[in-house]
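Close look at the chain arrangement
Okay, here's what each chain looks like letter by letter:
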Amino acid sequence: MLKNSKNSLFGLPEEVKFCKNCVESNQRFMGSAQLNIKKDDTKEGVDFDDEGVCLSCRYFEKKEKFNWNDREKELKDILNKHRKSDGSYDILLPGSGGKDSQFLSYILKYKYKMNPLTITWAPNMYTDIGYKNFNTWISNGFDNILFTPNTKVHKKLTQLAFKNLLHPFQPFTIGQYNLAPKIALQYGIKLIVTGDAYVEKGVGGKIHKEKKTSSELYSIEKNKQTDIYFGGVHISELDKYGISKRDLNQYLPITKEKIEESGLERINLPHYINYNPQNNYYFCVEKMGFKPNPDGRSEGTYTKYSSLDDKIDCLHHYTWFIKTGRGRATDDAAIEIRNKIITRDEGVALVKKFDGEKPKKYLRDILNYLSLNETEFEEIIDKFRSPHLWEKIKGKWHLKHAVWK
Ligand SMILES: [Zn+2]
């Protein structure tokens, strides 16, 4: 089930290090969320240089010297190449209606005068605030296709992903990711625009390039379509869990050949325009009527404006904390330090205070969704505590290493 060394799960480095500039650790890794739908071992992790600084912090140093005028011009050229005059959609924007998708769609439609089609893969369980923001988004002048997967199948896949990988978001991420090119091709759209800034978020600089092509991102070679894992289970074994091949149709990536033949392109807006999550939030409150988390902050962190739409969001971040020893507050503080919104000392204090908070608000809903009682839930979680990160003292789990220790 798991790639295992003596002391560390998932192939994580046994020596824990923290970046000298931000609060990120070398334990962060990119799960099997996208096309390498195999097992949850480390593929793309955070890299540090010889001075102990993570490559995402180094990327921000480079970013300060970018010529944003040149980059915007490059963006305009790409948009003009795809611009249509017959009234049909010219770009596809995948999103949830959160602050990033609202920002992206607003500037593409109202500043650059494109005609976007937006698409959404429905969350596992909408929160009230998430559903409100989704509707606010659409009411600001955007056509949207909301794809809601078969709940019976999606629940089963989520349960498997939680039990086998401690990755309850895996089916959602796979579905959301692979939906975009399919819809684009159906509507004759040749450009997908996203706002993912992985290179900025500490998911490594070595492997994560600033730009990737559509065929690298969205497709799979034809002969590999039968060799895929969902929730840690090989596709050929899923019928044992009552999931047939046709149930998986919407989750499967399209073939490399199909993408290359169609000429579908994908661009990532942070490569062309200088923005950050906090500015997006202020922008969307003012221009669109976006509302933050009514509780004042999200569980596991101090911010109130990211990943609000799914009741499982807080569990998703909590599972990463269990697997890597760094959670949602680390994510938020690292990016705010890199954007010079807070200092490292402030970041360290925020991580100490909020990282790893167990989900409370939606715990009942989550347990129902996963068909587990709280004891079973805890037992699964404890299986994913790597010995190099966790120790049990007097019946309570403690992190061996933390940025604040
Ligand atoms: Zn750093």
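The rules behind the values
- Residues numbered from 1 in each chain as written.
- Predicted model: local features only at pLDDT ≥ 70, side-chain atom pairs only at ≥ 80, totals over all residues.
- Heavy atoms only, no water.
- Helix = DSSP H or I, 4+ residues; strand = E, 2+ residues; numbered from the N terminus.
- Buried < 20%, exposed > 50% of the residue type's maximum accessible area, 1.4 Å probe, protein only.
- Contact = heavy atoms within 4.5 Å.
- Areas by Shrake-Rupley, 256 points an atom, 1.4 Å probe, with all protein chains shown as cover.
- Donors = N, O, S within 2.8 Å, 3.2 Å for Na, K, Ca; no water.
- Phe/Tyr/Trp six-rings, centres within 6.5 Å; stacked < 30°, edge-to-face > 60°.
- Lys NZ or Arg CZ within 6 Å of the ring centre and 35° of its normal.
- Axes fitted to C-alpha atoms, helices over the stretch in contact; angles between N-to-C directions.
- Parallel < 35°, antiparallel > 145°, perpendicular 65-115°, else oblique.
- Nonpolar A, V, L, I, M, F, W, Y, C, P; charged D, E, K, R; others polar.
- 1 Å grid on protein atoms, 1.4 Å probe; cavity = no way out; pocket = protein on both sides within 12 Å on 5 of 7 lines; lining within 4 Å.
- Points joined across faces, edges and corners; volume = space filled by probe spheres on them.
- Pairing = 2+ DSSP bridges.
- Right-handed = clockwise from strand over helix to strand, strands pointing away.
- Polar contact = N/O pair within 3.5 Å; in protein donor to acceptor, adjacent residues only side chain to side chain.
- Core = buried A, V, L, I, M, F, W, Y, C linked by side-chain atoms within 4.5 Å.
- Salt bridge = Lys/Arg side-chain N within 4 Å of Asp/Glu carboxyl O.

Overview of the overall build of the chain
- Counting its secondary structure elements, the chain contains 14 helices and 13 strands.
- For the chain, buried positions account for 57% of its 405 residues.
- In the chain, of all internal contacts separated by at least 6 residues, the share reaching a separation of at least 24 is 77%.
- Split by element, the accessible area of the chain, about 18,200 Å² in all, is 48% carbon and sulfur.

A word on the coordination of the zinc ion
- Taken together, Cys 19 (SG), Cys 22 (SG), Cys 54 (SG) and Cys 57 (SG) make up the protein donors of the zinc ion, found 2.3 Å from the metal.
- Each donor residue of the zinc ion belongs to the same chain, and together they define the spacing C-x2-C-x31-C-x2-C. Each member of the pair, Cys 54 as well as Cys 57, is classed as buried.

Section: the packing of aromatic side chains
- Scanning the model with the defined rule gives 22 aromatic pairs in all.
- Summarising the aromatic geometry, the rings of Tyr 59 and Phe 60 are spaced 6.2 Å apart at their centres and angled 85° between planes, so their arrangement reads as edge-to-face.
- Arranged with centres 5.5 Å apart and planes meeting at 10°, the rings of Phe 162 and Phe 377 form a pair that is stacked. With a gap of 215 residues between them, Phe 162 in helix 5 (residues 151-165) and Phe 377 in helix 14 (residues 374-383) connect regions that are remote in the sequence. In this pair, the class of Phe 162 matches that of Phe 377, namely buried.
- Within the aromatic cluster, the residues linked to one another by ring pairs are Phe 103, Tyr 106, Tyr 110, Phe 142, Tyr 275 and Phe 283.
- The ring of Trp 68 has Arg 71 lying over it, and the distance from NZ or CZ to the ring centre is 5.7 Å.
- One Lys or Arg, Lys 109, reaches over the ring of Phe 142 and ends 5.6 Å from the middle of that ring.

Focus on unusual backbone geometry
- Phi at Ser 371 takes a positive value of approximately 55°, unusual for a residue other than glycine.
- Inspection of the secondary structure assignment puts Ser 371 in the loop between helix 13 (363-370) and helix 14.
- Exposure remark for Ser 371: the relative accessible area of 54% places this residue in the exposed category.
- Here Lys 394, not a glycine, exhibits a phi torsion of approximately 45°, which is positive.

Quick word on the packing of helix 11 (residues 328-338) against helix 12 (residues 344-354)
- Contact pair helix 11 / helix 12: the axes reach a minimum separation of 9 Å and the direction vectors enclose 170°. With respect to helix 12, the element helix 11 is oriented roughly antiparallel. Of the residues in helix 12, those touching helix 11 at Ala 329, Thr 330, Ala 333 and Ile 337 are Arg 344, Gly 347, Leu 350, Val 351 and Phe 354.
- Within the contact of helix 11 with helix 12, the residues separate by chemical class into six nonpolar, two polar and one charged.

Quick notes on the layout of surface pockets
- Computed from the structure, the second largest pocket encloses a volume of approximately 320 Å³.
- Only helix 10 (313-324), helix 12 and strand 13 (396-399) provide two or more residues apiece to the lining of the second largest pocket.
- Looking at the lining of the second largest pocket, its residues break down into 12 nonpolar, four polar and five charged.

As for the pairing of strand 5 (residues 143-147)
- As paired elements, strand 4 (residues 116-121) and strand 5 share five bridges and run parallel to each other. The residue of strand 5 that forms the bridge with Thr 120 is Leu 146.
- Taken together, strand 4, helix 4 (residues 128-139) and strand 5 constitute a β-α-β crossover, and its handedness is right-handed.

Topic: the side chain of Asn 293
- Take Asn 293: it is sitting in the loop between helix 9 (277-287) and helix 10.
- One polar contact links Asn 293 to Ser 298, side chain to side chain, over a distance of 3.2 Å.
- The contacts of Asn 293, once residues within four sequence positions are left out, are Ser 298, Lys 304 and Leu 308.

Side note on the nonpolar core
- Leu 92, Phe 162, Phe 230 and Phe 377 are the most contacted members of the largest nonpolar core, which totals 60 residues.
- The contact partners of Phe 230, leaving out residues within four places of it in the chain, are Leu 157, Gln 170, Ile 174, Ile 235, Leu 238, Leu 248, Tyr 251 and Leu 252.
- If you look at the next biggest cluster of nonpolar residues, it comprises 29 residues, including Ile 91, Tyr 106, Ile 129 and Phe 142.

Some points on the environment of Gln 159
- Considering the arrangement of structural elements, one finds Gln 159 in helix 5.
- Judged by its relative accessible area of 17%, Gln 159 falls in the buried class.
- Discounting chain neighbours no more than four positions away, the residues touching Gln 159 are Tyr 369, Leu 370 and Ser 371.
- A distance of 3.5 Å separates polar atoms of two side chains, one belonging to Gln 159 and the other to Ser 371.

Digging into the pattern of salt bridges
- Scanning the model with the defined rule gives 21 salt bridges in all.
- For Glu 24, the salt bridge goes to Arg 326, with nearest N and O atoms at 2.7 Å. Note that Glu 24 is positioned in the segment before strand 1 (29-30) and Arg 326 in the loop between helix 10 and helix 11, a separation of 302 residues in sequence. Each member of the pair, Glu 24 as well as Arg 326, is classed as buried.
- Notably, a salt bridge pairs Asp 382 with Arg 385, separated by 2.8 Å at the nearest N-O pair.

These values are about where atoms sit, not about what they do.
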